[in-house]
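Residues per chain, in single letters:
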Amino acid sequence: MAGTTTTSAERLRVVADEAGGCTRCDLHERATQTVFGEGAPDAALFLIGEQPGDQEDRQGHPFVGPAGRVLDEALEAAGVDRSNVYITNAVKHFKWTARGKRRIHERPNRTEIVACRPWFDAELAIVSPRLVVVMGATAGQALWGPSFRVGASRGTERDFDGRAALATIHPSAVLRAGGDAGRRAQMDLLVEDLALAGRLVARMPGGA
């Protein structure tokens, strides 16, 4: 009967609603809200970062803060349309410490990463992308374990549970780099890797 098939978008909404009440670790106690992934529900390209930042926590959307602006610029420079990708984080709650009136990012620990893994697994299963782009050490360690290092892995196609994956730096690395030259160098690395991701996807079965 028409209208009875559950779409990927609908399935993602159901899981996002479930994640909204997640209490699997203590991070929910200080975060404003769960920040679930967003994007094309049948995206060929699936981007995963570390965790929401201050602005993401306040707005409830992934990659809308300073690192998100860097990612937007890098995707555009790489010729990848953000509206055609799915973007999420390994951890769905913002982990922070107070510094005066500012909320400063703290890196999630292994327990918090493992507690959030079922949400990522659900997103990945529903979207079923052709390529996963892993941005930064925390996301990489969420997939491949504590021994993962970005510098030794970036730019090389890897395997993740039978699915193609590619590691790159997190967009925040561009913001942390010292001086204009340092930021340009980090941005060049990010753009290079995202452009490679676009080419890999295009060459895969079903690619453009």
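Source: prediction; values computed, not measured. (Residues numbered from 1 in each chain as written. Predicted model: local features only at pLDDT ≥ 70, side-chain atom pairs only at ≥ 80, totals over all residues. Heavy atoms only, no water.)

Student: Explanation requested: the packing of helix α3 (residues 66-78) against helix α8 (residues 179-203) in the structure shown.
Tutor: In a packed pair of helices, the relevant descriptors are the angle between the two axes and the axis-to-axis distance. Interaxial distance between α3 and α8 falls to 8 Å at its minimum, and their mutual angle equals 55°. Relative to α8, α3 is oriented oblique. The handedness of the crossing between α3 and α8 is right-handed. Contacts from Val70, Leu71, Glu73, Ala74, Leu75, Ala77 and Ala78 of α3 reach α8 at Met187, Leu190, Val191, Leu194 and Ala195. Partitioned by chemical class, the residues of the contact of α3 with α8 number 11 nonpolar, no polar and one charged. (Axes fitted to C-alpha atoms, helices over the stretch in contact; angles between N-to-C directions. Helix = DSSP H or I, 4+ residues; strand = E, 2+ residues; numbered from the N terminus. Parallel < 35°, antiparallel > 145°, perpendicular 65-115°, else oblique. Left-handed = near helix turned anticlockwise from the far one by under 90°. Contact = heavy atoms within 4.5 Å. Nonpolar A, V, L, I, M, F, W, Y, C, P; charged D, E, K, R; others polar.)

Student: Mind showing me how you'd approach unusual backbone geometry here?
Tutor: The phi torsion of most residues other than glycine is negative, and most of the peptide bonds are trans. For serine 128, which is not glycine, the phi dihedral falls at a positive 50°. Its location among the elements puts serine 128 in the loop between α4 (110-127) and β6 (131-135).

Student: What exactly am I supposed to notice about the nonpolar core here?
Tutor: Soluble globular proteins tend to pack their nonpolar side chains together in the buried interior. Within the largest apolar cluster, 63 residues are counted, with the highest numbers of intra-cluster contacts made by Leu45, Leu47, Ile48, Leu131, Leu143 and Leu194. In terms of residue count, α8 provides more of this core than any other element does, nine residues in total. Filtering out sequence-adjacent residues up to four positions away, leucine 47 remains in contact with Leu71, Leu75, Val85, Tyr86, Ile87, Thr88, Val133, Met135 and Leu194. (Core = buried A, V, L, I, M, F, W, Y, C linked by side-chain atoms within 4.5 Å. Buried < 20%, exposed > 50% of the residue type's maximum accessible area, 1.4 Å probe, protein only.)

Student: Explain the pairing of strand β5 (residues 102-105) to me, please; I cannot follow it from the model alone.
Tutor: Where strand β4 (residues 96-99) and β5 come together, four bridges link them in antiparallel fashion. Looking across to β5, one finds that arginine 99 is bridged to arginine 102. The hairpin formed by β4 and β5 contains two residues between the paired strands, and glycine 100 there has a positive phi angle of roughly 65°. (Pairing = 2+ DSSP bridges.)

Student: Hey, could you run me through the sheet that holds strand β3 (residues 85-89) in this one?
Tutor: Strand pairing within a sheet occurs via backbone hydrogen bonds; the two strands may be parallel or antiparallel. Reading across from one edge, β1-β3-β2-β6-β8-β7 is the order of the six strands in this open sheet, with mixed pairing throughout. At either margin of the open sheet sits one strand with a lone partner, and together these are β1 (38-39) and β7 (157-160).

Student: Can you walk me through the pattern of salt bridges in this structure?
Tutor: Oppositely charged side chains can pair when the atoms bearing their charge come close. Summed over the entire model, instances satisfying the criterion amount to 10 salt bridges. The closest approach of N and O atoms between glutamate 112 and lysine 95, which form a salt bridge, is 3.1 Å. Highlighted residues: glutamate 112 in helix α4 and lysine 95 in the loop between β3 and β4, separated in sequence by 17 residues. Residue class for glutamate 112 comes out buried when judged on its relative accessible area of 10%. Close ionic contact of glutamate 192 with arginine 154 constitutes a salt bridge, the shortest N to O distance being 3.8 Å. Placement of the pair is glutamate 192 in helix α8 and arginine 154 in the loop between α6 (150-153) and β7, with a sequence separation of 38 residues. A cluster of three or more residues bridged by salt bridges with shared partners is formed by Asp54, Asp57, Arg58 and Arg103. (Salt bridge = Lys/Arg side-chain N within 4 Å of Asp/Glu carboxyl O.)

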